[in-house]
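Fold and geometry: a report
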Amino acid sequence: MRLGIVSAFALYEIKRAIARKKVLMLIAFVLLLDTLPYYALATSSAASIIPSYLYPYIWIAGVLIPQPLFIPFVSIFIAAGAMSEEYEQGTAELLLSKPVSKMEYLMGKYIGGYLLLLLILLTSNIVSLISAYLSFGPQADVGILPGAYFVNAYASLLFFSVAFMVGELLRRASLAYIFASALLFASTILGFYMDLIYTLTRNEFYATVQIYLPSSPVSSLPVQYISSNIPSVAQQLLSALPIGGSVEPSILQSLFLILAYSTCATVILVFYFRYADVSRRVS
Amino acid sequence: MSNNKVIEFTQVVKDYGRKRIGPLDLSIEKGRIVGFLGPNGSGKTTSIRLVLGLIRPSSGSVRLNGFDPIKNHIEALKNVGYSPELPNIQSFLTPEELLALVAKTLQLPESARQEETRRVLELVGLTEYAHVKVGKLSKGMVQRLSVAQAMVGDPKVLILDEPMIGLDPAGTAHLREVFRSFAKQEGGTVFLSSHMMNEVENLCDYVIMIHSGKLVTSGSISEVTRRIMGSLAITIEASGLTPALLEKIRKLEGVTNLTFDGESIEKIRVETVQMRDSAGSEIDLRPKIVEMIVQSGAKLYTIKPSDNLLESAYIKALSQSEFAEVASQ
């Protein structure tokens, strides 16, 4: 594997993704999501409901709220089209007819897409922090933000890898978006029902199913990390956030589940891409 | 495999389930400009994609520069430039950015990339569009850019799938010259698929015809046309041709017919049959005819295979091939 070629494809993928209007719109939406709620909270009567001792921790809301649904959604939009759009537009053929290996091309696109996601996540976290500061004054325990960022980045790998694999297997961008998004929403909704049934019946089976759903570790891990690194007084804020259920995987389980799902998706992706023909332009 | 062979197919089959290409055997030697002919759906693009290692053969073996393009993709594709049919080039890039990316994939040193980009843009006449997004270029310009990206890094083999589509006559003539000069370099090989018979006749020195993924015939244009049509027609333009000289040419061994091409005595059409010497080599009557014209004092302007000869041969070959296919079913 030649790093120079991998990095050339990575840069190419970032440029390609940014050139797509839907990705740009999502980035704009992320920025709005990280600024408007703070502004609305700070300028409305709702600000008086929030105890003032929680003001220094309000940045946590901006870091955690997009994680269960919105960041996976951005991951899907970046990853699902990375391979499939190149087949649809017939551009994969041009690049793969060069003296490069399929793995260099695949790795470059995977890394490029993931780097773009990390950049969006970083921007989202920084904008959240700035918005919290401007709306609610100085923020506390900001030192855990880098850790929270890496945990979020790790958690985002799951749906990114799954969507990347789906894009390669289906080779139709819209189908890949729909399928990967359906997986995310179905998993989230199913998790909600499993949690509800478990709460009512205390039947462990439903708790187990909820833990192993792909959306479960993605939403739990960042909360668990932040929860274990902030003072007890700020825990009140976490419990008020609409994240997580009554049953959650442990940190280790979350780490393992994210790794397992991402690895499985990547192995299938690599295997399929290596052995399948390069599709001709399809639309 | 002989070192002289750039592309070699041995009993290659590509089975798509609904459609099957092959078994196909063909080889292309270094230094040739080869026209790859066949009707729509005959397997030309599939064959090119097999050569480039973009798809796997169901059976048989493909070699490019002596390597299996699937197993040794990088080695096989070194020194090979490819311009796809109806090129779909990344519309968000500028020609300069695309060529820089291609130069990176070829691992050209950073210092040489800019110069190489400038060279190929100039070669295809796109210098002034270097910074315009591909999405804003005309179809013909995109086609030229596609050829430009194939020529980055000074490859030894050019594989071109319908390279003249979408080009105006000036663009076509320009690219024809580009391909000719490319082929003049030592070992420069051009393999192009095209439906434009005139282009192939003008540019190529060797043709391969396929039908339903099977080889119909291959050889130099004169060999192929003579083999299919049974004769080779030559058009001669000269002034000062006398009836006596024409009679002498008509009586040459191997000449089957001599007619005036149009109304003018200064343009004649000579039909010849294939003849071989004792060693089995083909005897070309053209040098003999040229000698007779020059010795008679007439002024010879041109001597070339008659227009549309390849097209006629192509149509005849395909109809024979279709007939054979139907008969074998």
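In this report, the structure presented in the accompanying data block is examined. (Residues numbered from 1 in each chain as written. Chains lettered and ligands numbered in written order. Predicted model: local features only at pLDDT ≥ 70, side-chain atom pairs only at ≥ 80, totals over all residues. Heavy atoms only, no water.)

1. Some words on a nonpolar patch on the surface
Judged by side-chain polarity, Leu 69, Phe 185, Ile 189, Phe 192, Tyr 193, Leu 196 and Leu 200 of chain A come together as a nonpolar surface patch covering roughly 720 Å² of accessible area. With respect to the helices and strands, the residue Phe 185 of chain A is situated in helix H9 (residues 173-201). (Patch = residues over 30% accessible without salt bridge, like charges linked within 9 Å, V, L, I, M, F, W, Y side chains within 5 Å. Areas by Shrake-Rupley, 256 points an atom, 1.4 Å probe, with all protein chains shown as cover. Salt bridge = Lys/Arg side-chain N within 4 Å of Asp/Glu carboxyl O. Helix = DSSP H or I, 4+ residues; strand = E, 2+ residues; numbered from the N terminus.)

2. Looking at the nonpolar core
Counting residues in hydrophobic clusters, the biggest one holds 138 residues, and the most contacted among them are Phe 164 of chain A together with Ile 7, Phe 9, Ile 159 and Phe 179 of chain B. Tallying contributions element by element places helix H8 (residues 145-170) of chain A first for this core, with 13 residues. Non-local contacts of Ile 159 of chain B, meaning those with residues more than four positions away in its chain, are made with Ile 7, Ile 48, Val 51, Leu 52, Val 80, Gly 81, Tyr 82, Ser 83 and Phe 191 of chain B. Residues Val 63, Phe 136, Ile 144 and Ala 148 of chain A belong to the second largest nonpolar core, which totals 24 residues. (Core = buried A, V, L, I, M, F, W, Y, C linked by side-chain atoms within 4.5 Å. Buried < 20%, exposed > 50% of the residue type's maximum accessible area, 1.4 Å probe, protein only. Contact = heavy atoms within 4.5 Å.)

3. Topic: the interface of chain B and chain A
At the junction of the two partners, chain B supplies 29 residues and chain A supplies 29 residues. Linking chain B with chain A are 3 salt bridges, by the criterion used here. For the salt bridge of Glu 97 of chain B with Lys 15 of chain A, the shortest nitrogen-to-oxygen distance reads 3.2 Å. At the surface where chain B touches chain A, the tally comes to 14 residue pairs in polar contact (both at pLDDT 80 or more). Elements supplying a minimum of two residues to the side of chain B that touches chain A: helix H1 (44-51), helix H2 (73-77), helix H3 (95-105) and helix H5 (139-150) of chain B. Ranked by residue count, the leading element in the side of chain B that touches chain A is H3 of chain B, at 6 residues. (Polar contact = N/O pair within 3.5 Å; in protein donor to acceptor, adjacent residues only side chain to side chain.)

4. With respect to the packing of H9 of chain A against helix H10 (residues 204-212) of chain A
Helix-helix packing is characterised by the crossing angle of the two axes and by the distance between the axes. Residues and elements named next belong to chain A. Contact geometry for H9 and H10: axes closest at 8 Å, N-to-C directions at 155 degrees. When the interaxial angle is binned, H9 and H10 end up roughly antiparallel. Considering how the two elements wind past one another, H9 and H10 form a crossing that is left-handed. Only Glu 204, Tyr 206, Ala 207, Val 209 and Gln 210 of H10 make contact with H9, whose side of the interface consists of Gly 191, Met 194, Asp 195, Ile 197, Tyr 198 and Thr 201. Its residues assigned to classes, the contact of H9 with H10 shows 6 nonpolar, 3 polar and 2 charged. (Axes fitted to C-alpha atoms, helices over the stretch in contact; angles between N-to-C directions. Parallel < 35°, antiparallel > 145°, perpendicular 65-115°, else oblique. Left-handed = near helix turned anticlockwise from the far one by under 90°. Nonpolar A, V, L, I, M, F, W, Y, C, P; charged D, E, K, R; others polar.)

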